[in-house]
Each structure stands twice: as C-alpha cells, then as structure tokens.
Amino acid sequence: MKHFWVFLSVTLLLFTNAFAQKPEKLTSAELFHEIQKLNFLGTALYVAAHPDDENTSLISYLSNHEKARTVYLSLTRGDGGQNLIGSELRELLGVLRTQELLAARNVDGGEQRFTRANDFGFSKLPKETLEIWDNDKVLADVVWTIRSIKPDVIINRFNHRTPGSTHGHHTASAMLSLEAFDMANDPNAYPEQLKSAQTWQPKRIFYNTSWWQYGSREKFAEADKSNMIKMDVGVYYPELGISNNEISAMSRSQHLCQGFGTLTVRGSSEEYLELLKGDAPTENNLFEGINTTWSRVKGGEAIGEILEKVEENFDFQNPAKHIPELIKAYQLLQNIEDEHWKNLKSVALKNIILAATGLYLEASSESASATPGSKTTITLETINRSSAKINLKEVQIIGTNAKLTPNKTLDNNQKENFTIDFTLPKTISYTSPYWLNEQGTLGMYVVKDQNLIGKPETPNAFRARFTLLFDGVEIPFEKDVVHRYSRPDKGELYEPFAILPEVTSKIDEKVLIFANADTKEVQVKVRAGKNNVSGTVSLNHPSGWVITPKSIPFSIAQKGEEIPVTFKVTPPNSESEGKLEPKIAIGNQVFDKELVEIAYNHIPKQSVLLPSAARVVRMNIKKAGEHIAYIMGAGDQVPESLEQIGYQVHIVDPNEIQNGDLDKYDAVVLGIRAYNVVDALKFKQPVLFDYVERGGTMIVQYNTAGRWSTQFENIAPYNITLSRDRVTDENAEVKILAPNNSLVNFPNPITTKDFDGWVQERGLYFPSGWNAEFTPILSMKDEGESEKQGSLIVAPYGEGHYIYTGLSFFRELPVGVSGAYKLFANMLSIGKNEVKKDSDVKG
C-alpha cells in the first residue's frame, strides 16, 4: 500500500522532491490495508506499449480492492513522445517518463516493469513496429517478465486482432503478450533465462475492452458479453477515506510531461475484460479457481493462520501489539521452500513490522554525490517508537567493508544516531540509467545483464543493512543510501546518492551549424565532481576541421563548480558533418561524459551520463530577413536552431501583442501545438492575420486536430481542415508538387535529396482539406497508403503569406538535418526576394 495521504493534501500536484524521495510512513489504516494485501497470494500483469497507456483504474482496483500484486509492463519508456513541461526529448524523455510511471505506481499501488524496446515514434502497423524493434528480443523480454513475476492473470490494454486501427506499438504489445502467454511455460523457449527464473503458465489472459472498441456506447450495450467479466472499479475504500477512481485520477496525473493532469472523479465505473485464452471464470472474479491463500505454498498454512488472526483482530490504536505474531510469521516464512513467495512476502512483512513499531531507519550521505575511490560519511538514524524490545545488532554498507556493531537497545522514542565512514571502490559503476550505458539502435536498447532487463531503474549503488533483534529474533532491513538536506524555502528534501565521474563536460549547443567557412568559437563547460580537479581539455573532431588550440589546461577548486574553456573551430570549405567530442585528461585517465540532471518536483532527481558531444554541420545555406517573432507552444528547440543560422529570434508573449506590434518582424512563427496549449491565441487571431495582410509571414507548425477551443473559427485566414494524417516513415519518398513555388527555390534550391537523413518521421497532423487559395508544396506517403499533400501548404493573404506545416521541423532542426534548415529558411524568406536582398548567413 502506497502512501495516499500526501496526495490528498491541497498540494496534490505541487509536492516537492521531499515527497518524491521521502520514506513512507504508514498510518494504522494504511498498515491494515497492507496486512490485507499480505494475506493475498495472487498476481496480475497488465501489458501495454507506453507510459500513460495503462488503465490506472484497473491497476488500482486490482491492487487495492482485490489486494493482488499488480504489475504494469510498459514495453517502452515513451522515449518518442513529446514533453509539455521541459526540454527533455528522446532518451532523456524516456528517463523522465520512467520516473512518472514510478510516481503513478506509488499512488495506485502497482509495480512497474519494461522491456528493452525503444519508442521510436508513431508507427501505423505492428509489422513495422516489430521490424524496427527486434521482435525476438522484445518477445524474450515479455517472456522474462512472466517468468519473473509469475502472474496468475494477464490483461492486455489493446486488441491484438485489429492491426492498423491504432498505434502499431499498441497492437504489437498485445500480440507479443498473447504469444508469450504460452511460450513462458516452454523450457525450449529462451532457455538461457532458466538460469535465473522458472517456466510459468498463467491461468488466463484477457483483453481490457471498452465501448470505444465497438464504435459507440450504444453498440457496446448490444454486444455479446458472454465471454467477458465485468467489474465496478469505482468502489470506495472506507479504511483509506478515498475511492478507487480518485486514486486512479491521481495516478494518471503523474504523467505531467504528457499533460495528463486531471480532476479526481467519484462514483460507479465499469470495466470489461474479454477472455482470450485460459479457462473462463463463471463469476465476475478475475482470480476464480486460483488459490490466493497462504495454503498456496507448502508450509504456508501456519503462516496464514497467524496473519489472518492479526488481520481479524487488528488494533488500530496500538499496532505494535501484533509484533510477536508478526515476528513468528516471519520466522516461519524463512523456512518455506518457494523462493518466489518467500522473497516477496518477506519484504512486505518486514515493511509491516517497521510500520507497526514506528521504526525509522535511515542512511543519509553527507553529499548528494561522490566519485569512485573517494571517502564519504554516512549518517545513520534509528528510532523505535513502540514498546517492542528491539536491539540494533549491526549496520553494514552492502558492497563495502564498512560496518558498525552497536549492539544497542532501541528504547521507546529515543533516537540513536551513528556515523560510518568508508572509501568507495575505485571500480564502482557510475550512477546512470542502465539501459543508456551502451549505444542502442533506433528500436532497441542494449542491456546484456539478464537480471537488469525489465527493472524500472538502476539499483542504488549503496544500501545500508540494519540487523535488528526482536526478542532475540534476527531480522535484516535494507535501506537505500540517500542524501537528506534542507532548504529554507522548501524544508526537508531527499535526493538519491549518486556516483559520478571526477569531471564531466558539455557543449550546450548540441548541433553547431556552419553556413560558411568562417571560424566559430565553441565553448566547452567543465564541471568538477570533486574538489581540486585539474587536467587538460581537447576536442576530437572530423577530418578536415581545424581546432585551436589543440588542448587547454584547467583547474577547479570546488566540487560542483563549472568553468568554460573556449576553442576556435574552423570548418572545411565544402559541406561536411561530424562530431566534436570533448576529452578531459587527468593523469592517465580520460573522461568523456556529460552529466545531465533531470529535476522536477514530482520525481526524484535523476543523474544521466551521456557521451559528451555536439554535432557539427557545414552547409551552404542562404536566408532573407533577420528578426523572427516566436510564440512558444508545447515546447520545442526551433528558436535555438534558427539562431544557429543567423536569425535573431524573439520569444513573444501573445497576451501582450497588439495591432502593429509585429510589423517589425520579418516573420512570426508559432511553435508546435500552440493552438492546443496557448489560450491567449483565441483572442489574438485578428492581430496575427492583420500582420500577414500588411505584408508579414506567418508560419504555423503542427497542431493536434480538434484539441483547441471552440472559439477558434479557424487557425488560418482561409479554411483548412486538420486531420490525423501523418507519414511515419522518415525515409518515405517526397515529391515536389509545386516546383516553381518560392518555398522550394528561394533562397535555397530544394530537391528530393534535401529530405535525406530525416529522423523519426516526416510529419504529423497534416491538413486533409483546404481552400483554393492554398498551394500544396509536397506529397508523401507511408507504404500502402494514399499520397498525403498537406505537409506544407502556403497561401497569399493581403500582401503577406500564411504557411501551415505538419513537417517535423521540431525533430529535424535540433539534430542538424541540412535539408530541414534550408526549407525552413525558405519559409522565413518567402516574399523577400523582391523587397530585400538575400544574404548569406553570417554564422
């Protein structure tokens, strides 16, 4: 049972990292809830493709009403999505969304697992999905999950029988789950897994269907439901003072980077599960015919008899009264042969013992990070807030020789603090998401350690083992080493304790565009991971590029301090692409990592180590105009990209613009999904259209169809109809429909070769219809589909031009796709070939 009361406070969505990392402290009601779950020996596995695909209502219901261990297997970490709260994209977005999933499970009581599949972006068909993923490896990971957690029932979020009706990842997740249902019990399937797991056959597998599968509520009401079971997941939990659908909404609201914050709801709500394989329950009971009592395991009856009496006679005023029975149950549990249930229930029972006694155990580092080979100090806090007789025998930092043997009685409500010093092993691994440690592919991450596959995050580097005696019975408790500190404006805070390199480096601009052969200064930031660091910095570079000087010495006195060093970079005369890679030499060691810290209030701070590098592109590009107004939408890096080719980009607040304010700009660009997320735009359409009519250029990047205020008559001066049309194949053939149009001629000639090297997709949410005033410029399609001509359309309006584009410039520009830069420069330059002389970009 996770700690709900934090989430019920008025600061529901404003809680700080203090809550993101703070130890759980259960109330008596929550403790009773945990004891109920302790006495249920059944497991459900829910399977889908992405973070936020999961049905939090059903996960919460299974966890808190049925009391089952409930695990959500998300095949990907959502790396290919977008980010409404920050700049993290791709692998960094995957780290953020992983933590949001863990925050969601912390609310609804579930657990989280993954496969090695990489979310490469939208896919229309499971065939394409499984080709880009490694079908066999992802299937192996699903089998591994089943063998590891041993679910009695599996529930698929999506329908395996309807390819093409939804995201290809969705359908693929259901197909793989259904295939793995039988394969997990086959010893010939992935036999290497059987060194660490056993074959397993789930009892039954379902599809979590709903009215939307049938097209309408009316059609679903008439559908044959003889093969379905129905559950009312809107139940109320009196012991928690909250309903299941309220928990569900709070869980879903943890997906903040996807804009899923929502109101809580109450009342009856039905969920339907269609049986796919296995024996059919005769009642609406998911676990019918499955022994979910302690008699399920050999030797479990005696344990169950003890724990069921604790549940039946639970003392809410004095939970510590039950410690003797809980200790006896723990002793018996250590003797059962079933390692799976012994391990699971031992962890749960020990947490209950901690809560019943008010035992608080903490291991806090003096600093948030340390480097291999360095010394660190851990402060240990122990307090027993009950009358139970407890002795602290010893404390050990696992993986080191550091150990204390206090042999001290923990008297009621008397805090005992200790410190322990140790030296970190020089060979210890750095703290970073384990799936990013090796270079992956478009569709897969590389993880070679079988026991890491599926884990939501990298296990903490250090844990403290507190060995306690309860009336002579020895029980070990493990706690992650964390960093606890306070700030005057936030109070008590917690962070993970990270192991980081002595020094890291970064180049802020991840793509450096050289539009001519002029030399540019490139700054490398060097950050110290410990005090008194000195060495030299150099830049690896592509052939034909010149770097001066060859190396630069540096010295940094304070840990955490960052200093800049500047190199002069001269590109070749011809077009060229490659990487600049900072290398820091300290003695005989070379450090080449960048430290990225992801810090939001709703998740623990994340330390991510990536190869330190920046892409350099020498391209011949021209532009017209200088000053661009940019209205941010859901967040993108297009402004920074345009500055790379010499534009001065001004971020404009639409609330403040009035008629005539925009006339000083050569173009106005609206960021991605601006009409979806910027309410002020519904009042500023006349201002924007007047600007265009007086000779301005307005460029609107993609918006999600139908997700803006009804007060918009149209987002363009002439009618256009947005659709869900998209081209997901980044290599799809592009045809130029209007070869004489300025957009493909001035100031940069555009050919089909300019669409080589695009990433993830061509574009999305293209218009499917438009007035005759518009000219479609390009045509493209995915395999087996009709041509889509709405990726780039332009219309004259008054003396100016209006452009709508669904092309994924927000993906292409930040990674330095030359053709995307040239085409965007042409969009910004439209109409200026007669009134202004085009200029070569001056870097």
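Criteria and thresholds
Residues numbered from 1 in each chain as written. Predicted model: local features only at pLDDT ≥ 70, side-chain atom pairs only at ≥ 80, totals over all residues. Heavy atoms only, no water. Helix = DSSP H or I, 4+ residues; strand = E, 2+ residues; numbered from the N terminus. Rg over C-alpha atoms; globule rule 2.2 N^0.38 Å. Buried < 20%, exposed > 50% of the residue type's maximum accessible area, 1.4 Å probe, protein only. Contact = heavy atoms within 4.5 Å. Areas by Shrake-Rupley, 256 points an atom, 1.4 Å probe, with all protein chains shown as cover. Pairing = 2+ DSSP bridges. Axes fitted to C-alpha atoms, helices over the stretch in contact; angles between N-to-C directions. Parallel < 35°, antiparallel > 145°, perpendicular 65-115°, else oblique. Left-handed = near helix turned anticlockwise from the far one by under 90°. Nonpolar A, V, L, I, M, F, W, Y, C, P; charged D, E, K, R; others polar. pLDDT = per-residue confidence, 0-100. Polar contact = N/O pair within 3.5 Å; in protein donor to acceptor, adjacent residues only side chain to side chain. Phe/Tyr/Trp six-rings, centres within 6.5 Å; stacked < 30°, edge-to-face > 60°. Lys NZ or Arg CZ within 6 Å of the ring centre and 35° of its normal. Expected span 1.5 Å × (residues − 1). 1 Å grid on protein atoms, 1.4 Å probe; cavity = no way out; pocket = protein on both sides within 12 Å on 5 of 7 lines; lining within 4 Å. Points joined across faces, edges and corners; volume = space filled by probe spheres on them. Salt bridge = Lys/Arg side-chain N within 4 Å of Asp/Glu carboxyl O. Right-handed = clockwise from strand over helix to strand, strands pointing away.

Undergrad: Can you walk me through the overall build of the protein chain in this structure?
TA: Along the backbone of the protein chain there are 19 helices and 45 strands. Its C-alpha atoms give the protein chain a radius of gyration of 30 Å, within 12% of the compact-globule value 28 Å for 843 residues. C-alpha atoms of the protein chain, sized along the principal axes, occupy 90 × 75 × 55 Å. Taken over 843 residues, the protein chain has a buried fraction of 56%. At a minimum sequence separation of 6, the contacts of the protein chain that also span at least 24 residues come to 74%. In the form shown here, the protein chain has an accessible surface area of approximately 34600 Å², with 46% of it arising from carbon and sulfur atoms.

Undergrad: Honestly, the sheet that holds strand β27 (residues 562-570) in this entry has me stumped. Any pointers?
TA: In a beta sheet, neighbouring strands pair by backbone hydrogen bonds and run either parallel or antiparallel. The four strands lie next to each other as β21-β23-β27-β25, forming an open sheet whose pairing is antiparallel. Where the open sheet ends on each side, the last strands, each with one partner, are β21 (503-506) and β25 (546-548). Here the average twist between neighbouring strands, direction ignored, is 30°. Bridge count for β21 against strand β23 (residues 520-528) is four bridges, and the pairing is antiparallel. The partner of lysine 506 across the bridge, within β23, is lysine 525.

Undergrad: How should the packing of helix α12 (residues 300-312) against helix α13 (residues 323-333) be read in this particular structure?
TA: When two helices pack together, their arrangement is given by the angle between the helix axes and the distance between those axes. Following both chains from N to C, one finds α12 and α13 inclined at 160°, their axes separated by 9 Å at the closest point. The pairing of α12 with α13 is recorded here as roughly antiparallel in orientation. Helix-helix and strand crossings are classified by hand; for α12 and α13 the assignment is left-handed. In this structure, α12 contributes Ala302, Ile303, Ile306, Leu307 and Val310 to the contact, and α13 contributes Glu325, Leu326, Lys328, Ala329, Leu332 and Leu333. Class assignment of the residues belonging to the contact of α12 with α13 gives a composition of nine nonpolar, no polar and two charged.

Undergrad: Hey, could you run me through the confidence of the model for the protein chain in this one?
TA: Low pLDDT means the predicted coordinates in that region are not meant to be read closely. When pLDDT is averaged along the protein chain, the result is 92; 95% of the residues meet or exceed 70. Note on residues 835-843: pLDDT is under 50 here. Beyond four places in sequence and across chains, it has 21 contacts.

Undergrad: Hey, could you run me through the environment of aspartate 782 in this one?
TA: Its location among the elements puts aspartate 782 in the loop between β42 (778-780) and β43 (792-797). Note: C-alpha distance between aspartate 782 and glutamate 730 (52 residues apart in sequence) is 9.2 Å. Dropping the residues within four chain positions of it, aspartate 782 is found in contact with Lys124, Arg726, Val727, Thr728 and Asp729. A distance of 2.8 Å separates a polar side-chain atom of aspartate 782 from the backbone nitrogen of threonine 728.

Undergrad: Help me understand the packing of aromatic side chains in this model?
TA: For any pair of aromatic rings, geometry is given as the distance between the ring centres together with the angle between the planes. Counted under the stated rule, the structure contains 21 aromatic pairs. Taken together, a centroid distance of 5.3 Å and an interplanar angle of 80° make the contact between phenylalanine 40 and phenylalanine 287 edge-to-face. With phenylalanine 40 in the loop between α3 (28-38) and β1 (43-48) and phenylalanine 287 in the loop between β9 (270-278) and α12, this pair connects stretches of sequence that are 247 residues apart. Here the two residues phenylalanine 40 and phenylalanine 287 agree in accessibility, since each one is buried. Taken together through their ring pairs, the aromatic side chains of Phe689, Tyr718, Phe774, Tyr797 and Tyr802 make up a single cluster. Over the aromatic face of phenylalanine 477 sits the side chain of lysine 350, whose NZ or CZ is 5.9 Å from the ring centroid.

Undergrad: Looking at this structure, I do not really get helix α4 (residues 56-64). What am I missing?
TA: Note: α-helices contain 3.6 residues per turn, so residues at a spacing of three or four share the same orientation. α4 sits mainly inside the fold: nine of its nine residues count as buried. Its side-chain oxygen at 3.1 Å from the backbone nitrogen of serine 57, asparagine 55 defines the N-terminal cap of α4.

Undergrad: Help me understand helix α8 (residues 168-183), please; the structure alone is not making it clear to me.
TA: With 16 residues, α8 extends 22 Å from end C-alpha to end C-alpha; this agrees with the ideal 22 Å at 1.5 Å per step. Counting buried positions over the 16 residues of α8 gives twelve, a clear majority of the element. Along α8, the residues that are buried comprise Gly168, His169, His170, Thr171, Ala172, Ser173, Ala174, Leu176, Ser177, Leu178, Ala180 and Phe181.

Undergrad: Which parts of the structure should I look at to understand empty space enclosed by the protein?
TA: Where empty space is left can be seen by rolling a probe of water-molecule size over the atoms. A full pass over the atoms with the stated rule returns three cavities of 30 Å³ or more. Computed from the structure, the largest cavity encloses a volume of approximately 50 Å³. Together, Arg77, Thr115, Arg116, Tyr434, Trp435, Tyr445, Val447, Ile453 and Gly454 line the largest cavity. When the residues that make up the lining of the largest cavity are grouped by side-chain class, the tally is five nonpolar, two polar and two charged.

Undergrad: So what exactly am I meant to see when it comes to the packing of α3 against helix α14 (residues 339-357) here?
TA: Put simply, α3 and α14 touch, their axes get as near as 10 Å, and they point 160° apart. Judged by the angle between their axes, α3 and α14 are roughly antiparallel. Remark: the crossing between α3 and α14 carries left-handed chirality. Contact residues: Leu31, Glu34, Ile35, Lys37 and Leu38 in α3; Lys345, Ala348, Leu349, Ile352, Ala355 and Ala356 in α14. Here the contact of α3 with α14 is composed, by residue class, of eight nonpolar, no polar and three charged.

Undergrad: Quick question: what am I supposed to make of the side chain of serine 386 here?
TA: Inspection of the secondary structure assignment puts serine 386 in the loop between β12 (375-383) and β13 (390-397). For serine 386, the side chain forms a polar contact with the side chain of asparagine 384, separated by 2.8 Å. Once residues lying within four places of it in the same chain are set aside, the contact partners of serine 386 are Ala320, Thr357 and Asn412.

Undergrad: For this particular structure, what's the right way to read the pattern of salt bridges?
TA: A side chain of one charge can pair with a side chain of the opposite charge when the charged atoms of the two come close. A full pass over the atoms with the stated rule returns 46 salt bridges. Residue lysine 530 pairs with glutamate 502 through a salt bridge whose shortest N-O separation is 3.6 Å. With a gap of 28 residues between them, lysine 530 in the loop between β23 and β24 (533-540) and glutamate 502 in the loop between β20 (498-499) and β21 connect regions that are remote in the sequence. Given a relative accessible area of 31%, lysine 530 falls into the partly exposed group. For glutamate 502, a relative accessible area of 14% puts it in the buried group. Among the ionic pairs, aspartate 508 bridges to lysine 525, the shortest N-O distance being 2.6 Å. Of this pair, aspartate 508 sits in the loop between β21 and β22 (511-514) while lysine 525 sits in strand β23, and the two are 17 residues apart along the sequence. Owing to a relative accessible area of 37%, aspartate 508 belongs among the partly exposed residues under this scheme. Assessed through its relative accessible area of 21%, lysine 525 is described here as partly exposed.

Undergrad: Explanation requested: the environment of isoleucine 621 in the structure shown.
TA: You can see isoleucine 621 is positioned in the loop between β32 (614-618) and β33 (622-623). Looking at isoleucine 621, the relative accessible area reads 3%, which means it is buried. The sequence separation of isoleucine 621 and aspartate 508 amounts to 113 residues, and the corresponding C-alpha distance is 23 Å.

Undergrad: How should I be thinking about the pairing of strand β3 (residues 111-114) in this particular structure?
TA: For a regular strand, the rule is simple: side chains alternate between the two faces of the sheet. In β3, alternate side chains face the same way, and those of Gln112 and Phe114 are buried while those of Glu111 and Arg113 on the opposite face are not. When strand β2 (residues 69-74) meets β3, the two strands line up parallel, connected through four bridges. Residue pairing for β3: tyrosine 72 is matched across the bridge by glutamine 112. Taking the sense of rotation as the criterion, the β-α-β connection linking β2, helix α5 (residues 90-108) and β3 turns out right-handed.

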